[in-house]
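Fold and contact review
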Amino acid sequence: MDRRRFLQRTAVATAAAYLPGPRPVGANGHIDLRAFSSTLIAETNVDVAGHTLISEFTMDSTKWKVYEDLRTREGAITFISSAGARVLTKSAEASFAEETSPYLGLTLKDIGMSARDLLAERLLEGGNDPDPDRVKSAAPPLGSVQSTGPSWRLPWDTFVGTKECFDTMPVFPSGNTRTYHPVQYFPDDSQKASQRRFDGLVGGWMPAVRKIMSASEIAYDEVIVFGDVEAQDKFIVQTWHRTARIETGKMLKAIYGHSYPAFPPARTDPQPEKFYRALLRFVVYWESLLSDFASASVPQNVWLDMSKHAFAKEVMARPGGVYPKYGAVDRDYYGSEYDGFQDIFTSSVYTNLEWGRFKTARAIIDNYFSDFVDGAGMINMRGPEIAQFGMTLSLLARYSNYTGDRELLEKHRAKIEATATLLCEMHEESLRLSHVDPGYGLIHGWSESDSCLMPKPQIWWLPYYANNAFAARGLRDLSRVWNSIAEQSSRAGKQAAAWELRSKVLQDAVVASIEKNIRHDMTPPYIGTYAGATGTFWESMQKERPSPQQWPHRPYAELLQADMLSEDLSNLIIDCMRAYGGTTLGVLANIEPPHAEGRDILGFISYGYAQALLRLDRIEEFLLFLYSHRYHDHTRGSWTAGEVAGIDGDNALFCIPAQLTIPIVMRWMLVLEDSDEDRLYFGKGLPREWVISGKEIRIERAPTRWGRVSMKIIADATTKNIQAEVGLERLGSPREIQVKLRLPKQYALRKPIVNGRPAAIGGLHNDNVIVQTGSEQHFQISAEFA
């Protein structure tokens, strides 16, 4: 490990990283790509022996040669010039069911009719980390069951675009867009052929779509599609296309296209060099847009590629990279009726902050509070969700802590205070109820936005536990930063103190109500989502029409994520969810009445459930969540996440909060803050096989409320030694760090040393090295294992 370089990076002040310097912008408002060609393309010692020279071109007076490794289906495309080289890897995942007998020996009827999460139970047997390959095989891939409708109505499974364009272009299973059809040139690549395709990307994480219709690993047709980053259209996404037939290491045929079929002589197909020049521009463009993503490395970097790709999809889906959109295509959640949805805002701000994308987070906060929040704290969207107001306040405090930017929150101070006042007033309403009312002291209101569209929306105007929990969390977190935001006025100080006090009252009320309503007559004990609920949610959904317990997945997830309960209560809630129909494959379920056709995964919202698993050290379940979300809520290879995904191989409809789940969960795996204590966790959710692999696990300059932090972990199975480094930006802040060295179960940690001194081991599994930081900021950790 290069310790000096590692610690130097850590010591850079947050202020320097808060807002990246302005990107050069051309007259049309687009990024001037020429400014980046010399800095972002700089790989050396690239070996292209055995690769095929496929093109040459000149860009900005630099001559480039393009090589492609055609010997293997995942062969890279390499650009070489006197200035350096750039290697674009290619990926390919089977989008068809490779397993002939999914469901781990169970039937869909077994799975759908059982309250218990039978698939999760089988995948967690033995108490070890779940096997990713076994999780993958537990259900067929999304979209692997083919529609019987006309081919032009088959669903798209990914999309391309740019930050500047205000729309996206869907890409269909065979590689078609709505303006260009490769099948015109390759008649064999029909919808039928695409049923056994491989999907992937060019460039690791970049949004260059790859479709492979394969006869074998050495004979296949390949389609590549990506957005034209130099196009200046406001709504029309211009696209580049290459369709090629490759056999035994040779490209037998290649057709290049741009947006539309040829219309000679006015419009002709582009020459190869134009395609490859555009591809190199595309690389420069996307690397510049995600240059602020915190640097990290794990033994299987596909997880970080998925994380960066999620941000790329968000950039394309948001017009101008900022304006909110729930979906990506037409009225498939792209309609304006969804723009103000609170989950778009909260999931995006949270995830961008966690990976250090402060400039994007700032723009999204400013846009939302300017255009979607009024003077009363009300949002411009049907069906406001109470817990999301509290989460919003908490995230504003997180933004302030991470960035030190008081100016933005001062700009929207009145609306922020109005949001807090709204929660306080709704709490006051609950205090006017009779003391014997089950909902006394609990905020009443909608949990799910769709409640407002029902014939009798008041049925769901209920005292959900999550309403209090997230209101308490939001008021507590905001109170701790509000003095500095509000220029330390006496009014602000009194307001912050009042919020802190109310937070405790809200917390006490929800804890008391939950403890009073636990069904200890059931095994495991059962607790519903609101005070006064009768029967379990499954019982209610089967017997009552409509059921007041509809959509219980959201209030469960938000209750856990708010982190206002004791560990015992949180564990009880998770056990309850797993036993009574609340999870599918270890992921939060889209809860519905039991049926013989299976059950669904809830792709969005569910990250709160994952965070609770991690906090409670239920790491095997946390990893099952991660693997199941990847393999059963994302399309294979193209990594498009669904709002709700079945386990029967049908399609799922994309939404951006679901897409942002993998990156936020990956960040927490590496670095996680304690919600209230002066404590920071490193490596808490790492798979055991990663830790023992001998490969470096690293994250640099991850933002926290204590400043930027960095971590490295590497183990040597031969010498039975494991080393870690932690760098803090500020001396002795936080007060305590815990570095989890999660080795395989057959090993036990021994003789931990921190900066040359013996250290303590603790945690649920005795694998946490616990460090009191004192007046230090750099920590060298080593331990033996046997």
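Residues numbered from 1 in each chain as written. Predicted model: local features only at pLDDT ≥ 70, side-chain atom pairs only at ≥ 80, totals over all residues. Heavy atoms only, no water.

**Points about the overall build of the chain**
When helices and strands are counted, the chain shows 23 helices and 28 strands. Expressed as lengths along the three principal axes of its C-alpha atoms, the size of the chain is roughly 80 × 65 × 55 Å. The proportion of buried residues among the 786 residues of the chain is 61%. Considering only residue pairs separated by 6 or more positions, the chain has 68% of its internal contacts joining residues 24 or more positions apart. Total accessible area computed for the chain in this model is approximately 29000 Å², and 50% of it derives from carbon and sulfur atoms. Put simply, the chain has 87 plus and 96 minus side-chain charges, and the middle of one group is 3 Å from the middle of the other. (Helix = DSSP H or I, 4+ residues; strand = E, 2+ residues; numbered from the N terminus. Buried < 20%, exposed > 50% of the residue type's maximum accessible area, 1.4 Å probe, protein only. Contact = heavy atoms within 4.5 Å. Areas by Shrake-Rupley, 256 points an atom, 1.4 Å probe, with all protein chains shown as cover. Lys, Arg positive; Asp, Glu negative; His and termini not counted. Charge placed at Lys NZ, Arg CZ, Asp CG, Glu CD.)

**Structural notes on the side chain of Ser710**
Relative to the elements of secondary structure, Ser710 occurs in strand β21 (residues 707-716). Within the local environment of Ser710, its side chain forms a polar contact with the backbone nitrogen of Arg701, the two atoms lying 2.8 Å apart. (Polar contact = N/O pair within 3.5 Å; in protein donor to acceptor, adjacent residues only side chain to side chain.)

**So, the pattern of salt bridges**
For the structure on display, the rule yields 61 salt bridges. Note that Arg245 is salt-bridged to Asp221, the shortest N-O span being 2.7 Å. Note that Arg245 is positioned in strand β11 (residues 239-247) and Asp221 in strand β10 (residues 219-227), a separation of 24 residues in sequence. Of the charged contacts in the structure, one is a salt bridge between Arg519 and Asp521, with a shortest N-O distance of 2.9 Å. On the basis of relative accessibility, which here comes to 57%, the residue Asp521 falls in the exposed class. Here the salt bridges share partners, and the residues they tie into one network are Glu68, Lys90, Arg210, Glu222 and Arg242. (Salt bridge = Lys/Arg side-chain N within 4 Å of Asp/Glu carboxyl O.)

**Considerations on the sheet that holds strand β19 (residues 679-682)**
In space, the five strands of this open sheet follow the order β18-β19-β23-β27-β26, with mixed pairing throughout. Looking at strand neighbours, the two that pair on one side only are β18 (671-673) and β26 (760-762), the edges of this open sheet. Between one strand axis and the next, the sheet turns through 25 degrees on average, direction left out of account. Across five bridges, strand β23 (residues 736-740) lies against strand β27 (residues 768-772) in antiparallel orientation. Each residue of the ladder has a partner; that of Val739, found in β27, is Val769. The strands touched by helix α22 (residues 661-670) within the sheet are β18 and β19, with β18 carrying the most contacts at an inclination of about 85 degrees. (Pairing = 2+ DSSP bridges. Axes fitted to C-alpha atoms, helices over the stretch in contact; angles between N-to-C directions.)

**Observations regarding the confidence of the model for the chain**
When pLDDT is low, close inspection of the predicted coordinates is not appropriate. In this model, the chain carries a mean pLDDT of 92, and residues with pLDDT of at least 70 account for 93%. Here residues 33-40 is modelled with pLDDT under 50, and outside its nearest four sequence neighbours on either side it reaches 19 contacts, counting other chains as well. This stretch, residues 148-153, has a pLDDT under 50; its non-local contacts, to residues over four places away or in other chains, come to one contact. (pLDDT = per-residue confidence, 0-100.)

**Description of the pairing of strand β22 (residues 721-728)**
Of all eight residues in β22, six are buried, a share of seventy percent or more. Hairpin connection of β21 to β22: four residues between the antiparallel strands, including Lys720 at a positive phi of 55 degrees. By the bridge criterion, seven bridges tie β22 to strand β28 (residues 778-785) in an arrangement that is antiparallel. From the neighbouring strand, Val726 faces β28, where its bridge partner is Phe779.

**Structural notes on the packing of aromatic side chains**
The description of an aromatic ring pair rests on the distance of the ring centres and on the angle between the ring planes. Taken as a whole, this structure holds 39 aromatic pairs when the rule is applied. Taking the centre distance of 6.2 Å and the plane angle of 80 degrees together, the rings of Trp156 and Phe159 count as edge-to-face. When sorted by exposure, Trp156 lands in the same class as Phe159, which is buried. When the ring of Phe159 is compared with that of Phe654, the centres are 5.1 Å apart and the planes differ by 65 degrees; the resulting orientation is edge-to-face. Within this pair, whereas Phe159 is found in strand β6 (residues 158-160), its partner Phe654 is found in the loop between β17 (644-646) and α21 (656-659), the two being separated by 495 residues in sequence. Overall, the relative accessible area of 1% leaves Phe159 in the buried class. (Phe/Tyr/Trp six-rings, centres within 6.5 Å; stacked < 30°, edge-to-face > 60°.)

**Focus: the sheet that holds strand β3 (residues 77-81)**
Strand order across the open sheet formed by four strands is β1-β2-β3-β4, with antiparallel pairing between neighbours. Taken across any chain shown, the strands that pair with only one partner, and hence form the sheet edges, are β1 (52-59) and β4 (84-88). Looking at each pair of strands side by side, their axes are set apart by 20 degrees on average, direction ignored. Of the strands in this sheet, β1, β2 (62-68), β3 and β4 touch helix α7 (residues 272-289), which is tilted by about 70 degrees from β1.

**Here we look at helix α9 (residues 342-354)**
Residues spaced three or four apart along an α-helix face the same direction, because each turn holds 3.6 residues. With 13 residues, α9 extends 18 Å between its outermost C-alpha atoms, agreeing within 8% with the 18 Å of an ideal straight helix rising 1.5 Å per residue. Burial runs high along α9: 13 of the 13 residues are buried. Positive backbone phi, at 80 degrees, marks Gly356, one or two positions downstream of α9. (Expected span 1.5 Å × (residues − 1).)

**Looking at a nonpolar patch on the surface**
A surface patch of nonpolar side chains, about 290 Å² in accessible area, is lined by Phe166, Phe235 and Ile236. Looking at where Ile236 falls in the secondary structure, it is placed in the loop between β10 and β11. The class of Ile236 is partly exposed, set by a relative accessible area of 44%. (Patch = residues over 30% accessible without salt bridge, like charges linked within 9 Å, V, L, I, M, F, W, Y side chains within 5 Å.)

**As for the state of the cysteines**
What is meant by a disulfide is a covalent connection between two cysteines, made through their sulfur atoms. Per the stated rule, a full pass over the model turns up zero disulfides. Looking at Cys452, it has no disulfide partner, and the nearest cysteine sulfur is the one in Cys655, 18 Å off. (Disulfide = S-S within 2.5 Å.)

**A short note on the side chain of His51**
Residue placement: His51 occurs in the loop between α3 (37-40) and β1. In contact with His51, other than residues within four places in its own chain, are Tyr67, Glu68, Asp69, Arg71 and Thr78.

**Details of the packing of helix α17 (residues 553-562) against helix α19 (residues 607-615)**
In the contact formed by α17 and α19, the axes pass within 8 Å of each other and the chain directions differ by 40 degrees. With respect to each other, α17 and α19 are oriented oblique. When the axes of α17 and α19 are compared, the crossing they make is left-handed. Residue-level contacts link Ala557, Leu560 and Gln561 of α17 to Tyr607, Gly608, Tyr609, Gln611 and Ala612 of α19. In terms of residue class, the contact of α17 with α19 is built from five nonpolar, three polar and no charged. (Parallel < 35°, antiparallel > 145°, perpendicular 65-115°, else oblique. Left-handed = near helix turned anticlockwise from the far one by under 90°. Nonpolar A, V, L, I, M, F, W, Y, C, P; charged D, E, K, R; others polar.)

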